[in-house]
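As a plain string of letters, each chain reads:
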Amino acid sequence: MSDEAAPYKAMMEGLRACFESGLTRSLAWRSGQLDAMKRLLEENEEAIGQSLASDLGKPAQEVLLGELSLLYSEIRHARRHLKRWSRPRRVRTPMVGQPGRSWVQPEPLGVVLIMGAWNYPVQLVLSPLIPALAAGNCAVVKPSEIAARTADLMADLIPRYLDPHAVEVVQGGVAETTELLKQRFDHILYTGGAAVGRIVMRAAAEHLTPVTLELGGKSPAVIDRDADLKSAARRLIWGKCLNAGQTCIAPDYVLVTPEQRDALIQAMAASLEEMYGSDRLNSIDYAKIINQRHFQRLKEYLNNGKVALGGQVDEQAERIEPTVLVDVQPEDPVMSEEIFGPILPVLTVDDFDQALEFIRRRDKPLAAYLFTGNRQSERRFVDQISTGNLCINDVLMFMSVPELPFGGVGMSGMGQYHGRAGFDRFSHLKSIMKRSRFPEITIRFPPYGPLKMRLLKLFG
Ligand code: NAD
């Protein structure tokens, strides 16, 4: 064993011993951990706000909206339903299995790994940890090293509030994560880009560990002919500017007909003014770009098409003004990769059919948005667009519903969590059947014959 691997191996042995002790199976322990997580948040809101302001320039209101509120709501929901979720789930036993009973018994998986991304560095480690603990697992949490100050805070707070025998935090970058991924976990939930997603899945394959990959992609927004442009513009601008566009489900680009385009841009200009005033680059209500690498990547996109709104940058402060691009070509770099920043290309399509075709020809997105007042368009969008999550007449807000499973499909990820979907994700749904010994129905046993065959066809 290499020297680097030794601490991880010891950590895993400790966690396995804790899991095998049965401690995490009791409902009292599980709800106690959820309460402790709530306390962790409540007692440290200020420190969390400060670390997020330092890493991302996150305004306090966005800390509440994008990180804390979601966590409080997930904790509340899990706490309320924990007992029901963990109970045996009775299912119907067909005639051939009578007399007998059948049920599904959720059981914890064991030791799970949660790897977070930097853009919502509190929410993305804690919101998977809620169902992991609610389901009775031990967990290793690996915050993203890119949001360094928040990662340090998580590493400080988690062992102080949560059971240190059951939850460990591992800090570090590529070298440490590579070593960590050599360990055998019972599940890995990874949030981040697809390139590292492949690395995680490859490492997991060594141990046949199942994975949940929460990836990203280009989430489209379609403006239907009869959409309310003012409302659509306001909601799109909010969804794109929240966390300076560094949101996995942010609307990535907009599709609109040529006749509506200019009115939409005008409405967006009004919304920007309304929300951020005229000096938007320096607005205190607007986050910064995480680092120079991402700043430079995003700055390059400003050369695609034509800037219709915004376009200013401050290299030193790593800030990019909310920017709307027009006349962008589908082959341009800004349309080839997920933008993950405050730049919104508005592309024109002839009609609704062309918009659907445009989306369907590309990778399945993490989220898809439609602004419409037409029930038929709504139905066609829902039926024809395959996407992780879908929202009509708004963006992002589906995240506030704990009972909506969250996750991608195709290139935007695999597996879902939040609410009960999260509890089930971190559980093995063990199926159980119990037969009575009497009466013994013998039609399944040899010797076979025409009468048994007829009865089997009738009752099988
Ligand atoms: P990141 O750089 O923070 O990486 C994510 C995790 O992978 C981190 O814990 C990091 O330490 C680890 N990592 C990085 N390189 C590694 C390597 N070579 N080997 C092993 N581990 C490694 O995040 P990112 O990839 O920049 O995240 C941005 C992407 O995440 C975007 O595509 C975004 O859409 C997506 N995202 C998805 C969700 C979701 O819930 N689906 C949420 C947020 C972000």
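This text follows the structure it describes.
Residues numbered from 1 in each chain as written. Predicted model: local features only at pLDDT ≥ 70, side-chain atom pairs only at ≥ 80, totals over all residues. Heavy atoms only, no water.

Colleague: Is there a simple way to think about the site of the ligand in this case?
Modeller: Taken together, 26 residues lie around the ligand, and Lys142, Ser144, Glu145, Leu215 and Glu338 are the ones closest in. Between the ligand and lysine 142, the relevant distance is 2.8 Å, taken from an oxygen atom to a side-chain nitrogen or oxygen of the residue. In this structure, an oxygen atom belonging to the ligand sits 2.6 Å away from a side-chain N or O atom of glutamate 145. Relative to its free-state accessible area of 860 Å², the ligand is covered by the protein chains to the extent of 90%. Residue composition of the shell around the ligand, by class: 14 nonpolar, eight polar and four charged. In terms of domain composition, the shell around the ligand takes at least three residues from each of domain 1 (6-215 + 410-432) and domain 2 (220-405). (Near = heavy atom within 4 Å. Polar contact = N/O pair within 3.5 Å; in protein donor to acceptor, adjacent residues only side chain to side chain. Areas by Shrake-Rupley, 256 points an atom, 1.4 Å probe, with all protein chains shown as cover. Nonpolar A, V, L, I, M, F, W, Y, C, P; charged D, E, K, R; others polar. Domains from an automatic or database assignment.)

Colleague: What should I look at first to understand the state of the cysteines in this one?
Modeller: Should the sulfur atoms of two cysteines be covalently bonded, the bond is a disulfide. Under the defined criterion, the tally for this structure stands at zero disulfides. Looking at the unpaired cysteine 18, the closest cysteine sulfur is the one in cysteine 138, lying at 3.8 Å. (Disulfide = S-S within 2.5 Å.)

Colleague: Looking at this model, I keep getting lost on the nonpolar core. Mind explaining?
Modeller: Most often, soluble globular proteins keep nonpolar side chains buried together rather than apart. Counting residues in each nonpolar core, the largest one holds 132 residues, and the members touching the most others are Leu41, Leu126, Leu129, Val140, Ile223, Met268 and Tyr369. The element contributing the most residues to this core is helix H4 (residues 60-86), with nine residues. Two domains each provide a minimum of three residues to this core, namely domain 1 (6-215 + 410-432) and domain 2 (220-405). With residues up to four places along the chain from it excluded, the contact list for methionine 268 reads Ala233, Leu236, Ile237, Val254, Leu309, Val324, Leu344 and Val346. (Core = buried A, V, L, I, M, F, W, Y, C linked by side-chain atoms within 4.5 Å. Buried < 20%, exposed > 50% of the residue type's maximum accessible area, 1.4 Å probe, protein only. Helix = DSSP H or I, 4+ residues; strand = E, 2+ residues; numbered from the N terminus. Contact = heavy atoms within 4.5 Å.)

Colleague: Is there a simple way to explain the pattern of salt bridges in this structure?
Modeller: Where charged atoms of side chains with opposite charge meet at close range, the side chains can pair. Enumeration according to the criterion identifies 26 salt bridges in this entry. The network of salt bridges with common partners includes Arg261, Asp262, Lys306 and Asp327. (Salt bridge = Lys/Arg side-chain N within 4 Å of Asp/Glu carboxyl O.)

Colleague: Mind showing me how you'd approach the sheet that holds strand E4 (residues 138-142) here?
Modeller: Strand-to-strand pairing in sheets goes through backbone hydrogen bonds, with the strands running parallel or antiparallel. The strand order across the open sheet formed by six strands is E5-E4-E3-E6-E7-E17, and the pairing between neighbours is mixed. Of all strands in the sheet, those bounded by a partner on one side alone are strand E5 (167-169) and strand E17 (413-414). The pairing of E4 with E5 spans three bridges and is parallel. Across the sheet, residue alanine 139 finds its bridge partner in E5, namely valine 167. Packing against the sheet, helix H5 (residues 123-134) makes contact with strand E3 (111-115), E4, E5 and strand E6 (187-191), and its axis sits at approximately 160° to E3. Those strands touched by helix H6 (residues 148-161) are E4 and E5, and its axis lies near 160° from that of E5. (Pairing = 2+ DSSP bridges. Axes fitted to C-alpha atoms, helices over the stretch in contact; angles between N-to-C directions.)

Colleague: For this particular structure, what's the right way to read unusual backbone geometry?
Modeller: Backbone phi values are negative for most residues with the exception of glycine, while trans is the configuration of most peptide bonds. The step from phenylalanine 438 to proline 439 runs through a cis peptide bond, and the omega angle for that step is -10°. Mapping proline 439 onto the fold places it in the loop between strand E18 (427-435) and helix H16 (450-459). Geometrically, the link from proline 446 to proline 447 is a cis peptide bond, its omega value of 0° lying close to zero. Looking at the secondary structure, you find proline 447 in the loop between E18 and H16. Its identity as a non-glycine residue notwithstanding, leucine 208 has a phi of 55°, on the positive side. Position of leucine 208 relative to the elements: it lies in the loop between helix H8 (194-206) and strand E7 (211-214).

Colleague: Looking at this structure, I do not really get the packing of helix H2 (residues 27-43) against H5. What am I missing?
Modeller: Packed helices, taken two at a time, are described by their axes: the angle between them and the distance between them. The contact between H2 and H5 brings their axes to 8 Å, and the two run at 160°. By the criterion of interaxial angle, the relationship of H2 to H5 is roughly antiparallel. Contacts between H2 and H5 involve Trp29, Arg30, Gln33, Leu34, Met37, Leu40 and Leu41 from the former and Leu126, Leu129, Ile130, Leu133 and Ala134 from the latter. Split by residue class, the contact of H2 with H5 holds 10 nonpolar, one polar and one charged. (Parallel < 35°, antiparallel > 145°, perpendicular 65-115°, else oblique.)

Colleague: What should I look at first to understand the pairing of E6 in this one?
Modeller: One face of the sheet, then the other: side chains in a regular strand alternate in exactly this way. Burial of E6 is extensive: five of the five residues sit out of reach of the surface. Of the two faces of E6, the one carrying His187, Leu189 and Thr191 and the one carrying Ile188 and Tyr190 are both buried. Of the pairings in the sheet, the one linking E3 to E6 comprises four bridges and is parallel in character. Looking at E6, one finds that valine 112 is bridged to histidine 187. Of the strand pairs in this sheet, E6 and E7 are connected by four bridges, and their pairing is parallel. When the bridges of E7 are listed, isoleucine 188 appears paired with valine 211. Handedness of the E6-H8-E7 crossover: right-handed. (Right-handed = clockwise from strand over helix to strand, strands pointing away.)

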